[in-house]
Amino acid sequence: GALGLVGGQVIDIQSEGKKDVSLETLQWIHEHKTAALLEFAVVSGGICAGATDEEVERLSIFAMNIGLAFQIIDDILDVTQDSATLGKTAGKDLLVDKATYPKLMGLEESRKRADDLIAEAKEQVKPWGDKAAALNGLADFITQRSN
């Protein structure tokens, strides 16, 4: 709805070409788009498997962190990879003057933020040991992908 995926998309589109988009606004956009989609997938899987309230909260935090990291990496790849590697038009965000993490934070800080988010996500599932291998693998994939 308006405060969820749709709202995130609306604010994202309305932010194109604006010079005053804050990091907080950018994070809100992606918490309500990319991160929300991952949160639904991860949390619903936990609920179906009988997760406790505490486990669901851990899964939610895990998913929100990997969702934001995914978007940061997506923004980085848009400016560092070519169209053939990405499988989509590279530099598209620059063409529409879209607010991105590299634009607001720089490439190095964006990469560091993505790495920090992945580390925080993995901390959430650490108590589950080997049972969290698939989730940890997903988290690792996000920062290691090239497209």
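Structural data are supplied above this passage.
Keep in mind that this is a model prediction, so the values were computed, not measured.

Peer 1: I keep staring at the packing of aromatic side chains and nothing clicks. Help me out?
Peer 2: One pair of aromatic rings is described through two measures. These are the centre distance and the angle between the planes. Under the defined criterion, the tally for this structure stands at zero aromatic pairs. The ring of F70 carries the charged tip of R145 above its face, separated from the ring centre by 3.8 Å.

Peer 1: Is there a simple way to explain the environment of S146 in this structure?
Peer 2: Secondary-structure assignment places S146 in the segment after α9 (133-144). S146 gets classed as partly exposed once you look at its relative accessible area, which sits at 38%. Distance from S146 to K122, taken between C-alpha atoms, is 21 Å for residues 24 residues apart in sequence.

Peer 1: Can you walk me through the side chain of N65 in this structure?
Peer 2: Mapped onto the secondary structure, N65 falls in helix α4 (residues 53-80). In this structure N65 comes out as buried when scored by relative accessible area, which is 11%. If we ignore the near neighbours within four places in the chain, the residues touching N65 are L117, E120 and A121.

Peer 1: Please clarify how a nonpolar patch on the surface should be interpreted in this entry.
Peer 2: A grouping of V79, L94 and L107 is seen on the molecular surface, where their side chains present a nonpolar patch of about 270 Å² in accessible area. Its location among the elements puts L94 in helix α6 (residues 92-95).

Peer 1: Help me understand the environment of E55, please; the structure alone is not making it clear to me.
Peer 2: Structurally, E55 can be placed in helix α4. With 33 residues separating them in the primary sequence, E55 and S22 have C-alpha atoms 32 Å apart. Aside from chain neighbours lying at most four places away, what touches E55 is G50 and W128.

Peer 1: Whenever I open this one, helix α8 (residues 107-125) confuses me. Can you help?
Peer 2: One turn of an α-helix holds 3.6 residues; hence residues three or four places apart share an orientation. The end-to-end C-alpha separation of α8 is 28 Å, in line with the 27 Å expected for 19 residues at 1.5 Å each. Taken together, the buried positions of α8 are S110, A114, L117, I118, A121, Q124 and V125. Taken down its axis, α8 places every buried residue within 115° of arc, on the same side. Packed against the buried residues of α8 are α4, α7 (101-105) and α9.

Parameters and conventions
- Residues numbered from 1 in each chain as written.
- Predicted model: local features only at pLDDT ≥ 70, side-chain atom pairs only at ≥ 80, totals over all residues.
- Heavy atoms only, no water.
- Phe/Tyr/Trp six-rings, centres within 6.5 Å; stacked < 30°, edge-to-face > 60°.
- Lys NZ or Arg CZ within 6 Å of the ring centre and 35° of its normal.
- Helix = DSSP H or I, 4+ residues; strand = E, 2+ residues; numbered from the N terminus.
- Buried < 20%, exposed > 50% of the residue type's maximum accessible area, 1.4 Å probe, protein only.
- Contact = heavy atoms within 4.5 Å.
- Patch = residues over 30% accessible without salt bridge, like charges linked within 9 Å, V, L, I, M, F, W, Y side chains within 5 Å.
- Areas by Shrake-Rupley, 256 points an atom, 1.4 Å probe, with all protein chains shown as cover.
- Salt bridge = Lys/Arg side-chain N within 4 Å of Asp/Glu carboxyl O.
- Expected span 1.5 Å × (residues − 1).
- Arc of directions from axis to C-beta.

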